[in-house]
There are 12 protein chains.
Amino acid sequence: MALPIFVLNGPNLNLLGTREPEIYGTQTLKDVEALCVKRAQSLGHSIAFRQSNSEAELISWIQEARSCASGIVLNAAGYTHTSIALLDALQAYSGPVIEVHFSNIFRRDSFRQHSYISLGASGVICGLGAHGYELAIDAIDRLISEKQNA
Amino acid sequence: MALPIFVLNGPNLNLLGTREPEIYGTQTLKDVEALCVKRAQSLGHSIAFRQSNSEAELISWIQEARSCASGIVLNAAGYTHTSIALLDALQAYSGPVIEVHFSNIFRRDSFRQHSYISLGASGVICGLGAHGYELAIDAIDRLISEKQNA
Amino acid sequence: MALPIFVLNGPNLNLLGTREPEIYGTQTLKDVEALCVKRAQSLGHSIAFRQSNSEAELISWIQEARSCASGIVLNAAGYTHTSIALLDALQAYSGPVIEVHFSNIFRRDSFRQHSYISLGASGVICGLGAHGYELAIDAIDRLISEKQNA
Amino acid sequence: MALPIFVLNGPNLNLLGTREPEIYGTQTLKDVEALCVKRAQSLGHSIAFRQSNSEAELISWIQEARSCASGIVLNAAGYTHTSIALLDALQAYSGPVIEVHFSNIFRRDSFRQHSYISLGASGVICGLGAHGYELAIDAIDRLISEKQNA
Amino acid sequence: MALPIFVLNGPNLNLLGTREPEIYGTQTLKDVEALCVKRAQSLGHSIAFRQSNSEAELISWIQEARSCASGIVLNAAGYTHTSIALLDALQAYSGPVIEVHFSNIFRRDSFRQHSYISLGASGVICGLGAHGYELAIDAIDRLISEKQNA
Amino acid sequence: MALPIFVLNGPNLNLLGTREPEIYGTQTLKDVEALCVKRAQSLGHSIAFRQSNSEAELISWIQEARSCASGIVLNAAGYTHTSIALLDALQAYSGPVIEVHFSNIFRRDSFRQHSYISLGASGVICGLGAHGYELAIDAIDRLISEKQNA
Amino acid sequence: MALPIFVLNGPNLNLLGTREPEIYGTQTLKDVEALCVKRAQSLGHSIAFRQSNSEAELISWIQEARSCASGIVLNAAGYTHTSIALLDALQAYSGPVIEVHFSNIFRRDSFRQHSYISLGASGVICGLGAHGYELAIDAIDRLISEKQNA
Amino acid sequence: MALPIFVLNGPNLNLLGTREPEIYGTQTLKDVEALCVKRAQSLGHSIAFRQSNSEAELISWIQEARSCASGIVLNAAGYTHTSIALLDALQAYSGPVIEVHFSNIFRRDSFRQHSYISLGASGVICGLGAHGYELAIDAIDRLISEKQNA
Amino acid sequence: MALPIFVLNGPNLNLLGTREPEIYGTQTLKDVEALCVKRAQSLGHSIAFRQSNSEAELISWIQEARSCASGIVLNAAGYTHTSIALLDALQAYSGPVIEVHFSNIFRRDSFRQHSYISLGASGVICGLGAHGYELAIDAIDRLISEKQNA
Amino acid sequence: MALPIFVLNGPNLNLLGTREPEIYGTQTLKDVEALCVKRAQSLGHSIAFRQSNSEAELISWIQEARSCASGIVLNAAGYTHTSIALLDALQAYSGPVIEVHFSNIFRRDSFRQHSYISLGASGVICGLGAHGYELAIDAIDRLISEKQNA
Amino acid sequence: MALPIFVLNGPNLNLLGTREPEIYGTQTLKDVEALCVKRAQSLGHSIAFRQSNSEAELISWIQEARSCASGIVLNAAGYTHTSIALLDALQAYSGPVIEVHFSNIFRRDSFRQHSYISLGASGVICGLGAHGYELAIDAIDRLISEKQNA
Amino acid sequence: MALPIFVLNGPNLNLLGTREPEIYGTQTLKDVEALCVKRAQSLGHSIAFRQSNSEAELISWIQEARSCASGIVLNAAGYTHTSIALLDALQAYSGPVIEVHFSNIFRRDSFRQHSYISLGASGVICGLGAHGYELAIDAIDRLISEKQNA
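Residues numbered from 1 in each chain as written. Chains lettered and ligands numbered in written order. Predicted model: local features only at pLDDT ≥ 70, side-chain atom pairs only at ≥ 80, totals over all residues. Heavy atoms only, no water.

1. With respect to the overall build of chain A
Check the secondary structure of chain A and you find 5 helices and 5 strands. Its C-alpha atoms give chain A a radius of gyration of 14 Å, within 12% of the compact-globule value 15 Å for 150 residues. Oriented by its inertia axes, the alpha-carbon framework of chain A measures out at about 40 × 30 × 25 Å. With 150 residues in all, chain A has 67% of them scored as buried. The long-range fraction of contacts in chain A, counting pairs at least 24 apart against all pairs at least 6 apart in sequence, stands at 77%. Of the accessible surface of chain A, which amounts to about 5100 Å², a share of 49% is contributed by carbon and sulfur atoms. For chain A, the centre of its 11 positive side-chain charges and the centre of its 14 negative side-chain charges are spaced 3 Å apart. (Helix = DSSP H or I, 4+ residues; strand = E, 2+ residues; numbered from the N terminus. Rg over C-alpha atoms; globule rule 2.2 N^0.38 Å. Buried < 20%, exposed > 50% of the residue type's maximum accessible area, 1.4 Å probe, protein only. Contact = heavy atoms within 4.5 Å. Areas by Shrake-Rupley, 256 points an atom, 1.4 Å probe, with all protein chains shown as cover. Lys, Arg positive; Asp, Glu negative; His and termini not counted. Charge placed at Lys NZ, Arg CZ, Asp CG, Glu CD.)

Now the structure itself:
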């Protein structure tokens, strides 16, 4: 049976829908999970959807993905810009990785415009809110297929 | 009848498939256009797919979009990093704009990691090759719907 | 009954009084807590005084403050200069926040002179040792009053 | 008969009056031309008023000015900040050059605060909207007189 | 009766005409004042023309302008590049402010190319010698009219 | 008899209450003085409360403090960010110095985020409006006591 | 009885031997531990060998070392370049500290070339793979002896 | 029959001989062409000598070179320092490319000292006026020979 | 009769001998004046020795020197690093100017290592305490002689 | 017979033991040589121990090592931070190279924290005084063995 | 009889042909000398071809050239990027100077992209291997002729 | 008998009087030596006056000064800005050191405005030509006296 796609969410994303809605929208993380599950199922994948405020836990999940996930969708939130340790974990993972952000980080504070995560990701999708997660799952699906056909 | 989505391609993208395939893949721009048309049709949209090496022509097409396009997918290629004039044109356009890049520009030369275009785009999708264009059309479709429902 | 003021302390502050006393003084964190409790009581507030070496735990406490605290006094210690995730948590909190530091960080190493926390705080008090905590509680009290009177 | 003053306008200025009116005002480029013509006539000059989105065309017009214009008023818009080629063209022109901007570029994005054009201009006028063009024509008129009297 | 326009001149401008004439020309400040008075009168304004080497005095004059001037023309000379206190004074003034410089500061030493004053000015005119003052008075006149008609 | 605490205010603070109230509040400097006097009296201190737009006068007051003041509360306003001469004066003063700012300068323009004054101050309090002055007097009082007990 | 030497390993080092072997070699962390134990025993020391992905746990271990370890060998991995909190913990430890890295970090990405850890370490050894750990234990042994003889 | 060598000249080079002769000399572009033709003929090559002010046209010529030129001599003039799009075109060309400049760009304005073109060129020749073109043709000839003999 | 040499001293130098003696020594400014007078007399010059905390007053004295001084010895103290207005005054003075500092400013804080004054001075002497003033007078004397003999 | 290990010492290291002992310790270079010889002999190696103040001589010794040394221990002292020529020599040497420093250069002046040598070294050992040389010889021995066994 | 052309080679160039051949090619410096002699003879010049690892020797040769050489071809190798002393020597030489590099230094490490030598050279030729030396001799020959005809 | 003062001159100073006289004057180094000898004799000192193009020789002379010189006057010329090794030698010398430059280095190229030498010198004298050497000898004499009297 196929491995699930890990959809991993970083610090403060548990507040989604209640925090700065003009930036992050009104959908809750629960809503986003539902969208992801639905999109994944339509493509024949399952989803492991998780959130943590802990950098260490996110690292451990990415390490776990080495044997347990067919791909990773990662929104590292505030750790995106500061965590080389997360990048190291991603670089030790050989499957497809898509970096996602709700907002267009390139239109925000200058310190939010640099991402260490991008150096360990196949692709980046940002500015599209929850829909970005759906597109990221499409992308993972496509990358898995390409790999199988390569 | 609905306006088409403009899919605009910048300098050297006419060489696609023949230039640095390890970075840009082997699909030609013709192939990309076919994928876009198909995806758009499945969502009920038409496509105006164009390429130009001229910054001025790209500006004019974005200006034209003000009255003629429901959304813009823009891969400005080398102008991404240097053209404030293209940004100005985008900022005068009120419809949805998605910036696309074949490669993950954040893993390339440092001068390719900054984009003026991002400041005028709703969202950014990069590193996913031709598939990124398809996802961009999905995103435009979604943004149009959200606007109509707003 | 009124919510308590959260007084949150970051990494290594549990060593207070035993570590580099020429910079941080000889009072222990226990002493600081006692001062805070006393000052708060004199103003009619209660205190929840906590310390953690974990960025994630600090984030969670700030999230908890959204429903459980009338204000936050935060000494993020080493995370002050590196944690965007803590800033994100603060920006999701609508009550008053005062940033405190024992030492005058502007007279120390250059990398200690920038604070992400300041972007999420109403005010900053530094260089005044444990007394700075007392003043911070005064400030929280004042900001709560102003808000109630606004 | 005296040579005309060239009033040259760069990319997107054809959108004037319809684009970001809070920055650029509601006058159209047609209106600005009318003001320029009137002001120039009152001083005994004629005007050649042009706009182009093309850097190359702007360069060619400045080259043409070498034998055909008594002075240049130049609003290079987005090319102001990026075009060394335009600067080179100006430096090959020996008549008076005034750089104009509708908005006060020093109060906008940091990348709009540097101008290559300034290095090739006698003077700079910005922040005064269409009126800045009229003053620029006054300035050209004065510089021509001074030269003739020198 | 209408308030006068303040024309304020910063340090060393009292030496005008005797100092580095290849940069600043041979007109004295007296000459410039005469030009300003004449231009203002032709537009129905009076002028209060002053010079000081003192940053504090310039600040006080700008403060005085709050109740006594219809607009300010300011050549802050050497303080242009270093005085945040002058900027603060300007930001507390609600009338029109035009920054003027005799020389084109963008073609001089790099430390002369940044202006704090610009952040508090409606418009900037530089490189046009004494004529720049006349144009600045035109601009003030226009801005007053626009305001009255708004 | 004990020496007074000097409360020194820099350029434009005389405009307090009438200038940019969204940043600086509606209290006048007179109001702030009254608060300071009251707080100082409650702690057994007298106050010498002064304001000047002149950097030289501020320097002279700090020099005067060497023999005439038990401590200094200093809001150097615009000179905070530019005056090394004020820092030099502070460094020649051996009593306690508290730097105060009405607004949280770390959330404003980048050029307002650096303070030379901090290098000559025991502590910094910012973002708390007039209340920050009261806390600063508390801090001076505490520092004087600690010194006497040392 | 003598206290053990703490050998502390940071995030992702648990993957050693399976991750990017061209950079980190094929030995597992278990292998490295065995080498350390053997080397330490030959010098009359015991070893406490630990790994964690958690910055907080690493901080706590360093704090524990204050009463429980004769020296610290620290490979902070990804936290090397980002953690001021770890530096603070080291600066509160008075015994010898040796910073170790498997690879020569000065030949890798520029963001891997700066270490906060170095500011809290007696010495640095990098680029020597697992052998570097053995040399670090030699160095700790030597520093302990020197201290005892001082 | 052998393909010609493309000798491509960027913006404002059509003014050669009439513009800033102290920097660029008195030879016209016609003269340079004659020198190039003569030198090429002596080596058995033909020349396609072109000039354009248009970045797009230069890009198109480089693209054309992919099937029509045995090598490229490129003086991109003002675009040298700003055009990533030209670099992209060069990187898609597999033949030898020599970058030429009339003046020694390293002794001019700092913004003229960086070249994007260099990243796509085999070699660089600057500071030798028209003679540099002749040497560039020698170099192309040599590189073609080496390739044929490789 | 010959004009005197102006020896001008900037802010806080009136505190000399009482302020940070480990940096500035124990001689008072009075002592320094006596040394200068004596040295000048031995060379046949008179001295006008002045000190001011006011940037404006220093500017005015330099302006006065244009008709009243044969040379200037200037220790601008804290204004050395921040005052372009003082530089402008010096650049309008045609006689010899020697910049003096008691301490070696290149071994102090980084912000004390840059001098605007140097751009307007013939020579610089620093690190030699009061003796540096004597050497500066020697230098002025020599420069005056050279000029007279030129 | 095996080639010796070169232990090369740069400028001013001949002063060891007599210069700034608080940084460099009290052992002389003679002492360090003795330690190196002893350690090398215990591992079956001989040592060629040299010191020079001349960059050229150091380069020549590294070139000599190409045929005459089994490995290089290099303490380039002041040239560490400035010599690209030394780096070039090292990059032309295929044997193992260990960079050594007596002090922990990362805790000293900022200009001592960058090393060109590191780019040409297998490993770096610093902060361990003369003991660092012994460890470096261990490391060379290990690297030679690994190579022979590879 | 005419003076020879000096062809001066800096540190490590004696290793040519044996060092990093993928960058520097397989020709030895002897081969390069032969090419230079041959090319020079064909143009009626003699050659003095030298190499040194010593900055001082290179300086002395350039000084010697003042009376003994008709021109200088200089490949300063690693000193290119670090030696102001070499630049000073070149600036005291009035004949033609051509800077040569085997590789295209603009495509290598960033610290190899800046040249002090360029500031003292007429022209620069790089990326053309040994052939670059031949072209440099052509250029010297041409510059000598132009000078004689001037 | 007293030790001589070392007057050490760096690269290219042997060309003095023949090189760029508009910067360095027309006196030869021989002339400067004569001035130094005369000035020293008048103060009861002897002089050892030397020049070298070799950084290593300058280092060795400074080392020699440790036992053979009562003070050092050093004009390190081009090495001033690049040699940390020279600084290290100076820091190992306990007598007085005066840094001298013929020209005012702060008015020249930006790369000539930073001096490593200043960090190892008591004082700096620049811009005064050969006379600066005489003043430097005065300063050495004074510093020796102060030391003897301390």
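2. Remarks on the side chain of threonine 80 of chain I
All names here are of chain I. Mapped onto the elements of the fold, threonine 80 is located in the loop between strand 3 (71-75) and helix 4 (84-91). The class of threonine 80 is buried, set by a relative accessible area of 0%. A polar side-chain atom of threonine 80 sits 2.6 Å from the main-chain carbonyl oxygen of alanine 77. Not counting the four nearest positions on each side in its chain, threonine 80 is found in contact with Glu99, His101, His114, Ser115, Tyr116 and Ile117. (Polar contact = N/O pair within 3.5 Å; in protein donor to acceptor, adjacent residues only side chain to side chain.)

3. Re the interface of chain B and chain A
A common measure of how large an interface is: the accessible area buried when the components associate. If you look at the interface, chain B gives 23 residues, while chain A gives 23 residues. Interface area for chain B against chain A, summed over the two sides, is near 1900 Å², with a carbon-plus-sulfur share of 57%. At the boundary of chain B with chain A, the tally comes to 2 salt bridges. In this structure, glutamate 134 of chain B and arginine 142 of chain A form a salt bridge, with 3.2 Å as the shortest nitrogen-oxygen distance. Counting across the interface, chain B meets chain A through 14 residue pairs in polar contact (both at pLDDT 80 or more). Looking at the side of chain B that touches chain A, the elements with two or more residues in it are strand 5 (123-126) and helix 5 (129-149) of chain B. Taken together, the residues of the side of chain B that touches chain A sort by class into 11 nonpolar, 7 polar and 5 charged. In this sheet, strand 5 of chain B lies alongside strand 5 (residues 123-126) of chain A in antiparallel orientation, the contact comprising 3 bridges. In the strand pairing of strand 5 of chain B, isoleucine 125 of chain A is matched with isoleucine 125 of chain B. (Buried area = accessible area lost by both parts, 1.4 Å probe. Salt bridge = Lys/Arg side-chain N within 4 Å of Asp/Glu carboxyl O. Nonpolar A, V, L, I, M, F, W, Y, C, P; charged D, E, K, R; others polar. Pairing = 2+ DSSP bridges.)

4. Some points on the packing of helix 3 (residues 55-68) of chain F against helix 4 (residues 84-91) of chain F
All names here are of chain F. One can describe the packing of helix 3 onto helix 4 by two numbers: an axis separation of 9 Å at closest approach and a directional angle of 5°. Judged on the interaxial angle alone, helix 4 and helix 3 are roughly parallel. Residues Glu55, Leu58, Ile59 and Ile62 of helix 3 lie in contact with helix 4, whose contacting residues are Ala85, Leu86, Ala89 and Leu90. When its residues are assigned to classes, the contact of helix 3 with helix 4 shows 7 nonpolar, no polar and 1 charged. (Axes fitted to C-alpha atoms, helices over the stretch in contact; angles between N-to-C directions. Parallel < 35°, antiparallel > 145°, perpendicular 65-115°, else oblique.)

5. Considerations on helix 2 (residues 29-42) of chain E
The terminal C-alpha atoms of helix 2 of chain E lie 20 Å apart, and with 14 residues this matches the ideal 20 Å at 1.5 Å per residue to within 8%. The inward-facing, buried residues of helix 2 of chain E contact helix 5 (129-149) of chain D together with strand 1 (5-9), strand 2 (47-51) and helix 5 (129-149) of chain E. Glycine 44 of chain E sits one or two residues past helix 2 of chain E and shows a positive phi near 85°. (Expected span 1.5 Å × (residues − 1).)

6. Focus on the relation of the copies chain L and chain J
For these two chains of identical sequence, chain L goes onto chain J by a turn of 120° and a shift of 0.0 Å along the axis, with RMSD 0.0 Å. The transformation relating the two chain copies, once decomposed into turn and shift, fits a three-fold axis. Identified as the residue of chain L closest to the rotation axis by C-alpha distance is threonine 82 of chain L, at 4.2 Å. (Least-squares fit on C-alpha atoms with pLDDT ≥ 70 in both.)

7. Comments concerning the arrangement of the chains
What separates chain F from chain H at the closest point of their C-alpha atoms is a distance of 25 Å, and the two make no contact. The smallest C-alpha distance separating chain D from chain I is 21 Å, and no contact links them.

8. Notes on unusual backbone geometry
The phi torsion of most residues other than glycine is negative, and most of the peptide bonds are trans. The backbone of asparagine 12 of chain D sits at a positive phi, close to 75°, despite the residue not being glycine. Mapped onto the secondary structure, asparagine 12 of chain D falls in the loop between strand 1 (5-9) and helix 1 (21-24). Take asparagine 12 of chain D: its relative accessible area is 0%, and that puts it in the buried class. Its identity as a non-glycine residue notwithstanding, alanine 77 of chain H has a phi of 50°, on the positive side. Among the structural elements, alanine 77 of chain H can be located in the loop between strand 3 (71-75) and helix 4 (84-91).

9. Thoughts on the sheet that holds strand 2 (residues 47-51) of chain K
With respect to topology, 10 strands assemble into an open sheet ordered 2(H)-1(H)-3(H)-4(H)-5(H)-5(K)-4(K)-3(K)-1(K)-2(K), the strand pairing being mixed. Every other strand in the sheet has two partners, leaving strand 2 (47-51) of chain H together with strand 2 of chain K as the edge strands with one partner each. Strand-to-strand twist of the sheet, defined as the mean angle between neighbouring strand axes without regard to direction, takes the value 15°. Across 5 bridges, strand 1 (residues 5-9) of chain K lies against strand 2 of chain K in parallel orientation. Bridge pairing links asparagine 9 of chain K to glutamine 51 of chain K in strand 2 of chain K. Contacting strand 1 (5-9) and strand 2 of chain H, helix 2 (residues 29-42) of chain H crosses the sheet at an angle of about 165° to strand 2 of chain H. Docked against the sheet, helix 3 (residues 55-68) of chain K engages strand 1, strand 2 and strand 3 (71-75) of chain K, running at close to 175° with respect to strand 1 of chain K.

10. Quick notes on the interface of chain L and chain J
Tallying the contact residues gives 16 residues for chain L and 16 residues for chain J. Roughly 1300 Å² is buried in total at the junction of chain L and chain J, and carbon and sulfur atoms are behind 52% of that figure. For chain L, the biggest contributors to the area lost against chain J are Gln63, Ile84 and Asp88 of chain L; these three give 38% of the whole. A salt bridge links arginine 112 of chain J to aspartate 88 of chain L; the shortest N-O distance between them is 2.8 Å. In this structure, the connection of chain L to chain J is made through 6 residue pairs in polar contact (both at pLDDT 80 or more). Tallied by class, residues from the side of chain L that touches chain J come to 9 nonpolar, 4 polar and 3 charged.

11. Some thoughts on the sheet that holds strand 3 (residues 71-75) of chain B
With mixed pairing, the 10 strands of this open sheet are ordered in space as 2(A)-1(A)-3(A)-4(A)-5(A)-5(B)-4(B)-3(B)-1(B)-2(B). One side of each edge strand has no neighbouring strand; the edge strands of this open sheet are strand 2 (47-51) of chain A together with strand 2 (47-51) of chain B. Along the sheet, successive strands turn relative to each other by an average axial angle of 15°, direction set aside. Helix 3 (residues 55-68) of chain B contacts strand 1 (5-9), strand 2 and strand 3 of chain B of the sheet and is inclined by roughly 175° relative to strand 1 of chain B.

12. Quick word on the relation of the copies chain B and chain A
You can overlay chain B on chain A at an RMSD of 0.0 Å; the transform is a turn of 180° with a shift of 0.0 Å along its axis. Here the symmetry operator amounts to a two-fold rotation axis. No C-alpha of chain B approaches the rotation axis more nearly than that of isoleucine 125 of chain B, which lies at 2.3 Å. Of the residues that chain B buries at the interface, 100% are likewise interface residues in chain A, meaning the two copies contact each other through the same surface.

13. Quick look at the pairing of strand 5 (residues 123-126) of chain E
Across a regular strand the side chains alternate sides, sitting on one face of the sheet and then on the other. Residue and element names in this part refer to chain E. Both faces of strand 5 are covered, namely the face carrying Gly123 and Ile125 and the face carrying Val124 and Cys126. Of the strand pairs in this sheet, strand 4 (residues 97-101) and strand 5 are connected by 4 bridges, and their pairing is parallel. Bridged to glutamate 99 within strand 5 is valine 124.

14. Examining the layout of surface pockets
A volume near 1100 Å³ is recorded for the largest pocket. Lining the largest pocket are 45 residues; nearest its centre among them are Asp109, Ser110, Phe111, Gln113 and His114 of chain F. Residues of the lining of the largest pocket, tallied by class, amount to 15 nonpolar, 22 polar and 8 charged. By volume, the second largest pocket is sized at about 960 Å³. Every residue lining the second largest pocket is counted, 38 residues in all, and those nearest its centre are Arg108, Asp109, Ser110, Phe111 and Gln113 of chain H. Of the residues assigned to the lining of the second largest pocket, the class counts are 14 nonpolar, 14 polar and 10 charged. (1 Å grid on protein atoms, 1.4 Å probe; cavity = no way out; pocket = protein on both sides within 12 Å on 5 of 7 lines; lining within 4 Å. Points joined across faces, edges and corners; volume = space filled by probe spheres on them.)

15. Focus on the pattern of salt bridges
Under the defined criterion, the tally for this structure stands at 84 salt bridges over all chains. The salt bridge involving arginine 39 of chain A is made with glutamate 134 of chain A; its shortest N-O contact spans 3.4 Å. With a gap of 95 residues between them, arginine 39 of chain A in helix 2 (residues 29-42) and glutamate 134 of chain A in helix 5 (residues 129-149) connect regions that are remote in the sequence. Accessibility assignment for this pair places arginine 39 of chain A and glutamate 134 of chain A in one class, buried. Salt bridges here are not isolated pairs; linked through shared partners, they connect Arg39, Glu134 and Asp138 of chain A together with Arg142 of chain B.

16. Comments concerning the side chain of aspartate 138 of chain J
Examined against the element boundaries, aspartate 138 of chain J turns out to sit in helix 5 (residues 129-149). Excluding residues that lie within four positions of it along the chain, aspartate 138 of chain J makes contacts with His131, Leu135 and Asp138 of chain G together with Arg39 and Leu43 of chain J.

This is a description of form; function is not addressed.
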